[in-house]
Structure formats: C-alpha cells, structure tokens
Amino acid sequence: MSLTRKHYPFSEFEPRWQQHWVSTQAFRATNPGDPDFRLGAKKYFVLDMFPYPSGDGLHVGHVEGYTATDILARYHRLLGDNVLHPMGWDAFGLPAEQYAIKTGQHPRITTQRNVDNFRTQLQSLGFSYDWSREISTTDPEYFRWTQWIFLQLYNAWVNPATNKAEPISSYTGMDPDSVRLAFVSDKPVNWCPELGTVLANEEVIDGKSEVGGFPIERRPMRQWMLRITAYTERLIADLEGLDWPESIKLLQRNWIGRSEGAEVRFALDGIPEDISVFTTRPDTLFGATYLVLAPEHPLVESLTSAPQQEGVATYKKACSSKSDLERTDLAKEKTGVFTGAYAINPVNGEKIPVWIADYVLTGYGTGAIMAVPAHDERDYDFAKAFGLQVTAVVAQRISDAKITMEIVVSGKPNPPWRAHQLNDESVWVWRHDRCFSGEGVAVNSEFLDGLPTLEAKLKMIAWLEEQGVGKGTITYKLRDWLFSRQRYWGEPFPIVWENGSHRPLSHEELPVEPPEMEDFKPTGTAEPPLSKAKEWVRYSETASRELNTMPQWAGSCWYYLRFCDPKNHDRFIGTEAEHYWMGSTGRPGGDTKKTPGGDHSHKTPGGVDLYVGGTEHAVLHLLYARFWHKVLFDLGHLTTPEPFQRLVNQGMILGDDGQKMSKSRGNVVNPDEVVAEYGADSLRLYEMFMGPLEHGKPWSTTGVEGVYRFLARVWRLAMAEDQEGNWILSDDLAEQKLTTAQRRILHATIKKVTHDIESLAFNTAISQMMICTNEFTNAKPRPIEAMRLFLPLLSPFAPHLVEELWSHLATKFAGFEGLASQSAWPSWNEDYLVVSEVSYALQVNGKVRGHLTVPIAAGKESVEKAALADASLASQLEGKVIKKIIVVPGRLVNIVAV
RNA sequence: GCUCGAAUGGCGAAAUUGGCAGACGCGCCAGACUUAGGAUCUGGUACCGAAAGGUGUGUGGGUUCAAGUCCCUCUUCGAGCACCA
C-alpha cells in the first residue's frame, strides 16, 4: 500500500458495495417461471470465456475482456433488459493434475483453492455476475450432463440423406459402430510421453504439445473419437450468418481446409491393384509423370518389386522413427525411394513410376498423389532431386511482365519457351523445365487444349466420371476429434466394456464420478491412471469401465447452455430457459455492430448475444462448441443452430516494454496490486481507455494514474472535504437550471457514450465523459441535474464510484433513489444538440487560409459570399481567377483559383 | 513460403460516409494556490522557422476541388498456417 493519500476513498467504499451487490443478489437474472420474472423485458446474454482457475490467479488480460462484458451487462440492465451475465470455472485439466502430482495434493483441493481465489479477485473488481448461477465443470451435477451429451453423440449418427444427426436407431446398416458420432478408433494418434497422454491435432503445434512444448510421437492406440468431420460443410456454411470478426471466420475455414478436386484411379502395370490419388488440379493429369505414396500407404508392401524391397523397407523405417517435427520443419530436402512399380496414366496410357516419399502425408486425401512437377512446386523439387520427367501442360499468359522480359524481342518465344495462340489472338507460353503453379490454359493435353484452367478441371472431371476412373471430390484438412485422454482429472466416460465391445451406461447411472485415488500419477505406459483404481474399474462380473477420461474441452463445449438453467436436475437445460436465453428474441439490431449499408433486418441465428474472449480459442473451443451445439440442435434438444451470435476478441495486454507479459521478463502486472493502489474502478477504466478492445496494447502505469485523476475529479464534482478532512456532499451542488452549453454537452455525451458502448468503442466513450467532466469542474454552483444525467453513463465503467456518489446525493436530492446499478439509462434530446452558429474552414486550393463563423441556417450562397468577402483570403486570391467554389454545408468552403 | 491484420506527435490513441489531422489521456513546459508539492486548478505543447511562412498520417506513384481515408507499388512489424496435393 502506497503512503500517498488517496484522491478519493475508494478502498473504503469499493469493498462495501461489492459486498452489498453480492449479499442483495443485485444482479440476479430471472428465468421464465421465476416469481419475479418480468414479462416483456428483453433478454441479453453476455458471456465471458470462463477461466481455467490457475494457481497464478487473475491476469490483467482477463480483466480486459471481463470489464468489457461487464460494461455491456450493466448498460443493458439500465436499459431495462433482463441480463444474463454468468461466471464459472473450466476446472478439469492438465495443469491442475500436474500441479497436484508435483505437490502431492488432490487436484480437487488445489482446484477448489484456486476457484475461491479467482472468485475473490473477480468480486474485488466489481463484476456484476449473477453468482447464483456459478458452475464448475468438475461438479458432478455439471459433468453428469457432459457425460449425458457424450451419450447423445454415442447414440447418434449423421444420416447422409438428411445431413442431420439422428438417433442411431434410424440407421439400417450392418455396423452401427462405424457411423456413431462417438466411436472407437485404432488409428495412429499424437502420443506425448512426457505428459503421459494423447492429444488432439489441435493441441499439437509444430510437433510439440501445446501445453509444455513436449515432443509428440505418432503411435496407434485405441481411442475415442468424435465425428466432427460429418459437420464440416455446415460448420463452414453457418459461419456466414455470424457476427464474428472476419479473421476468426477465416481461421476456422482454413482449419477445416475444404478443397475441391478429383479422385483419379491409376491402374498398376502388372499388379491387380489400383491406386487412388486426390488432386485439386485434374486439369494437369496429362502432366502427371509419376505417382507418390505416403510411406505408410497400405499398398506399399504389395507393389514393391523384389529388387526394391530393401530400399523401401529402409526408407519406411527411417520415416517412422522421425518425429512430426523432423518430418516437416527440418525436411526441406525432398527424400523418397522408387518402389519398382509402374502405374498407367488413365488419360494417355503412359507408364509412370510409383515412388514413396514422406512429403506425401498419410492422413490427407488418399495418402497418395499424382505428381505434376511442371505445375506443383513440391513435385518439381522432388523431380529435380531424382531426375524425373517434367511435362508442361499449362501455359501462362505471355504478357505477364516477368516472363515477357525473358522471352524476347523478336515477338517470338525463344526456345526453350514454346507458344500457343488462342483464337482471341492471346499468346500463351510454356517450357518443360520450369514450374508454374498458377492458372492458365491447357496445352499438350489433347481434348483440354486451349481451355482455361477452371474449365479444363470441369471437363477432366466429366471425362473421368464418364470413363469410370475417377470422380470430383472434396477433401478437408479437418480430422475427427480425438476425444480421450490418459488422465485422472477429467470426466470419466459413461461407457463399459464387455466381451471386447463397448456399451453405454444408462442415464440413471450418471454421473460417473472419478474414483477417489491416492495415486493418480500417469502409469508411465499407455495405460491410463484410472486402471489403478481396481474396485472402480470393475463394473460387474463381466464388464469393466472405460479407463480414459474426456479432454478439457468437453466441459467448455456446452457451459453457456448450463448458465441458462444451472440448477436443473432433470435436463441439461430446461426447454423454456433455452427458448428464452438462446432464442433470437433479443434486442433487434440494437446491439449489432454497424454493418455497411446498415441492414439490421437479417434474421439472426440466435444464441449468446455477445461472447468476448481471446483469439487463442479461435479454432479449438469455438469449433468444438459449435459442433456439439449442432448435434444437440439436430437431435431436437436445442432450437438454434449456432451457440454464439456475436463474438469479439479482445487484444492482448502487453507489458510496459511492449513485450508479451511473462514471469521471465518480469513485466507482469498484477491486478490485485493495481486495485490496492488505485482502486478497481481505475483499473477497469484504464483497461478500457488504453485503446480499441480488439487491439493489443502496452501497459502504462502513468496511464492508470490519468484515469485515476479523472475519477477523483468526478468524485469532487459532488464531494468536498470538511475541516477535519472528511468527505461530505459539496455545497456547490444545487437544484439549478443547466446552461444551454451544459445541457448541450450532457446530451452530446449521452449520445456518444450510448453509441460507443454499443460498438464497443469504450476508449472514445471515456474520452467524451472526460470532456463532459472538464466542463463542470469549475462550474459553481453545479446543477444537480448534471449528476442525474452523467452518473448513469459512468456507472457501467466505474460502478463503485457512481454507487457511492449516488447514495450520498440521495441524502439531499431527489432522483437518486435506490441503487445506481438499478437506475435507468438516460436518453438524449437531439434538439439540445443544435448550435446556433457554425464555423467554416476557408480553403484556397485545398489549403486552409482562414475561418468563418456564420449562423447555422445560412444558405450556400450567403456562405460563399461571406467567404469571398473574408479579409483573410484577400492576399491569397489577389491576382487569381476563381474557377470554382465548393461549399460543404457546415464544414468548409474551398475556392479553386488560378 | 502462403494468408490475414497493422503502420498517425516524445508515448497510448482520435478523426461520421473523401471535407479544418492529432479529440481525450500520458509526458513535458509555464503560471496560480501553497511552509511544501509527487495534491489541485489554469494555460501551452506535431515538426522546421525569429517571423512571415513552409512541411507533415511507413515508401513511391495515381484519382479528386479536397486523401490518414479510395486505387497501384514497395518496406517494416504483428498474428495465424506451414510439404494439405
């Protein structure tokens, strides 16, 4: 605690109001059916990404997003809306478990302690959460429903006929296990020996674990998967209607990685098998001069010729021992080996060699490619390295500047350049020893010759389908979601195994709680720690429990739904609550970001009205949650297809050195210390004043002092010190008519703050409130009406200060009844914004040469006349001929003279 | 390498839809009140110049009466993806 005297007694009243708000449940949201539910009030669901309660406590980055949503929540309450603004804990997960292993304490204990600490910190910032709805993913009453949703996935499949999830009972095929949305797979997975668990593709970055940065191996293990790939098209298509940043939509589209192309079947020479390849450039099939299979491709064994056996085996072994990291980052040099086999190019019957190489990935497409070195950089590099044939089949436009240079003066291409002229006289060129991966026109391709790339693709696909050797297809980068982890601190699966097959538990058996265990360390093998709980594992004489647990993402996939109805014992969310909070019945357009054209009339998909969080969840949490939501929607449990209507990413707060905050740099700002020194209101206000919410911005301690001084100035508008140094209501306040200027600035402030809050431009809203405050600083007497209009505007930003002033003002003046947090948002009157005079900038040839003040009602002609007569322009216009005069009403006059 | 995003005073940033660049805050300078100021209040503060005036929104060009804003070029920084056929 600093020794300097506080500018206003925040440390006295901030905790007092926090306590008051909590104890009176001032921010409780009511559900339909509650006795005090207000019919006709609009709903507003504003959500934070709930935190993982780490031992480090709250970070200033949390405070930024949470303040933004709190402002919106408080603003909408003042508008009279029924506001759902909840908070909870994403408390399962690796860090808690690892900490527990290190300290020997049960993760439940440490998690509880961290949660309590987080809650205290959040309350010390005055966030207006409805604490009666607090949830934790580790609460059995919560994960009962996480497990229930897993069973929904397990018991559902996507019917290709309807493209919707349906109960598995509608599946009429032989093997329901092959279509379930939750299924078991033995495919190679990302195993992290250090963490002792498998990880999802999304959790692996550059061949290392996202958590901890440990190396990842690929090894086949029996794992639970969720069939998110069944939703790829809808996950892409439904992004369209969402009010999300374009960059996040793009990130999701890229992650899903849809690519259109064709599958082409190549017969093998002398072997009764064939190889399917995927290509996005079927138009280049005539230029396919060899095939490449991934080393793990199932056909590799059977097609390798005797003399190549040894080389192939050696190469395969070398690849399998490489980590993902080595295979990608370090492997700039292409490697591979010839199998001895030849394939037949279906389009021209040519015999082309079949190679294996690790630049072809086993998990994408068919795990095999047709190599077109003339039109693909990677194939070109490979062909160069191994002396394979390059045949150009796409020509580029000669007029592309770079090639024109090389190609000559004479107008005719120099060999090795060749040229092709189309009917429209355009000239197209190619050569066989270069790589050109762009689009152009087909050459050396018989029936495709002369066609632009796009048309050539379509014609080739048609040809392939006609000949029965291929078809148009779409491939995705998105893989099914690896959903099991070999950990203790997570939701157990509601599954038992009997005679080698799995079966779901009934709903009545939920929740399946993790066993009490002393020793929950990883086993050091692929065997999950739950295997050590012998009693728990044994479900019956013949059945045993699934030993894996769910990943941390499970709980956060649906928590926003539980907030709507957190105490419901019969359903994961009550029907009525879901209709109300997740429906599209919110404030129509009132809170949508300004869109070009200003069209707010489009029907919204509904869901959470505003969701604020960091970009780091752009493809993980946000994609998973959308997927679960769609499944539940298909199965009739929800009424909207998307969970989050409007999403905003807050930017990162950097240290005062402009670097990312980190303990090692020593530039971490602790919110508790800022609160102790300057108060919660100052911290909130400063983080909003730093700059646009979406931008990253560096911390500045003197900046905090700036807003702190501003709040102190507001305080002194109403309060003064008496002889003893106690704060009392200022004598300068009086029931007194506002001057025209005061009234104008107040109403302008109401207008600007209202608009700025709705477009999340908090920094400029605060600027305007500072301007307004400065106007009143020296006004004596100060009209009390100013406080009535101004304080509600400030209250979402600095709620403690306003609440305190409000209560002091109520002792002497009318209009300050009840809590400021429960008062009403003021409205502005456009009539009061009108000014009687307006200042024009006078320009000569676009340069400002003077100013002119005229009555607002002055017409164009009279402004023009006054401008020409203005003395300040005389010297500029002297000896010049006036060509043109432009008058922009209310702004400027530009005289064009030569 | 590819895809996005950004670039404005000493600093964080403003700037409706092409119409007076730098609002607001920090810092700095000066003044007032004070025993005192790291409190508060007032004024000043883009740059060059004594002034008149000139120059300024990463670079170079273009459109326009008028460009931070629109078009093209390049540079730098940040983020994401990264052999995805």
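Counting from 1, residues in each chain are numbered in the order their sequence is written. Here every chain gets a letter starting at A, and every ligand a number starting at 1, in the order they are written. Only residues with pLDDT of at least 70 get local features here, since the model is predicted, and only at 80 or more are side-chain atom pairs given and counted; chain-wide, interface and lining totals rely on the full set of residues. No hydrogens and no water enter the side-chain calculation; it runs on all heavy atoms of the structure.

Asks: Quick question: what am I supposed to make of the pairing of strand E19 (residues 368-371) here?
Replies: Three labels apply to residues, based on accessible area from a 1.4 Å probe with only protein chains included: buried if under 20% of the type maximum, exposed if over 50%, partly exposed otherwise in between. Secondary structure elements are defined from DSSP: runs of H or I of at least 4 residues count as helices, runs of E of at least 2 residues count as strands, and each element is numbered from the N terminus. The alternating pattern of E19 places Ala368 and Met370 and Ile369 and Ala371 on opposite faces, both of which are buried. A pair of strands counts as paired when DSSP detects no fewer than two bridges linking them. Where strand E16 (residues 290-293) and E19 come together, four bridges link them in antiparallel fashion. When the sheet's bridge partners are listed, Leu291 is paired in E19 with Met370.

Asks: How do you make sense of unusual backbone geometry when you look at a structure like this?
Replies: The phi angle of most residues is negative, glycine excepted, and most peptide bonds adopt the trans form. The amide bond that connects Leu510 to the next residue, Pro511, takes the cis arrangement and shows omega of -5°. Looking at where Pro511 falls in the secondary structure, it is placed in the loop between strand E27 (501-504) and helix H14 (534-537). Phi at Asn163 takes a positive value of approximately 55°, unusual for a residue other than glycine. Tracing the backbone through its elements, the reader meets Asn163 in the loop between strand E5 (156-159) and strand E6 (164-167). Even without being a glycine, Asn499 presents a positive backbone phi close to 50°. We classify Asn499 as exposed; its relative accessible area is 75%.

Asks: What's the story with the sheet that holds strand E9 (residues 197-199) in this structure? I'm lost.
Replies: Two pairing modes exist for strands in a sheet, parallel and antiparallel, and in both the strands are linked by backbone hydrogen bonds. Sheet architecture is open: three strands sit in the order E9-E8-E12, paired in antiparallel fashion. Every other strand in the sheet has two partners, leaving E9 and strand E12 (217-220) as the edge strands with one partner each. For this sheet, the mean angle separating the axes of adjacent strands, direction not counted, is 55°. Bridge count for strand E8 (residues 188-192) against E12 is four bridges, and the pairing is antiparallel. Looking across to E12, one finds that Val189 is bridged to Arg219. Note on geometry: axes are lines fitted to C-alpha atoms, helical ones only across the stretch in contact, with angles between N-to-C directions running from 0 to 180 degrees.

Asks: Would you explain the packing of helix H22 (residues 740-758) against helix H24 (residues 784-794) in this entry?
Replies: A pair of packed helices can be characterised by two numbers: the angle between their axes and the separation between those axes. Running from N to C, H22 and H24 cross one another at 15°; their axes reach a closest spacing of 10 Å. The angle between H22 and H24 falls in the class roughly parallel. The two elements H22 and H24 cross, and the hand of that crossing is left-handed. In contact with Leu746, His747, Thr749, Ile750 and Val753 of H22, H24 contributes Ala786, Leu789, Phe790 and Leu793. Taken together, the residues of the contact of H22 with H24 sort by class into seven nonpolar, two polar and no charged. Roughly parallel refers to an angle under 35 degrees, roughly antiparallel to one over 145, roughly perpendicular to one between 65 and 115, and oblique to any angle outside these ranges. Crossing handedness is read from the near helix: turned anticlockwise from the far helix by less than a right angle, it gives a left-handed crossing, and turned clockwise, a right-handed one. We call two residues contacting when some pair of their heavy atoms lies within 4.5 Å. All amino acids are sorted into three groups, where Ala, Val, Leu, Ile, Met, Phe, Trp, Tyr, Cys and Pro are nonpolar, Asp, Glu, Lys and Arg are charged, and the leftover types, Gly among them, are polar.

Asks: Explain the pattern of salt bridges to me, please; I cannot follow it from the model alone.
Replies: Opposite charge on two side chains makes pairing possible when the charged atoms of those side chains draw close. For salt bridges, the criterion is a side-chain nitrogen of Lys or Arg within 4 Å of an Asp or Glu carboxyl oxygen. Summed over the entire model, instances satisfying the criterion amount to 38 salt bridges. Note that Lys663 is salt-bridged to Asp56, the shortest N-O span being 3.3 Å. You can see Lys663 sitting in the loop between strand E31 (653-654) and helix H19 (671-678) and its partner Asp56 sitting in the loop between strand E1 (43-48) and helix H2 (60-78), a full 607 residues away along the chain. Pair check on accessibility: Lys663 and Asp56 agree, each one exposed.

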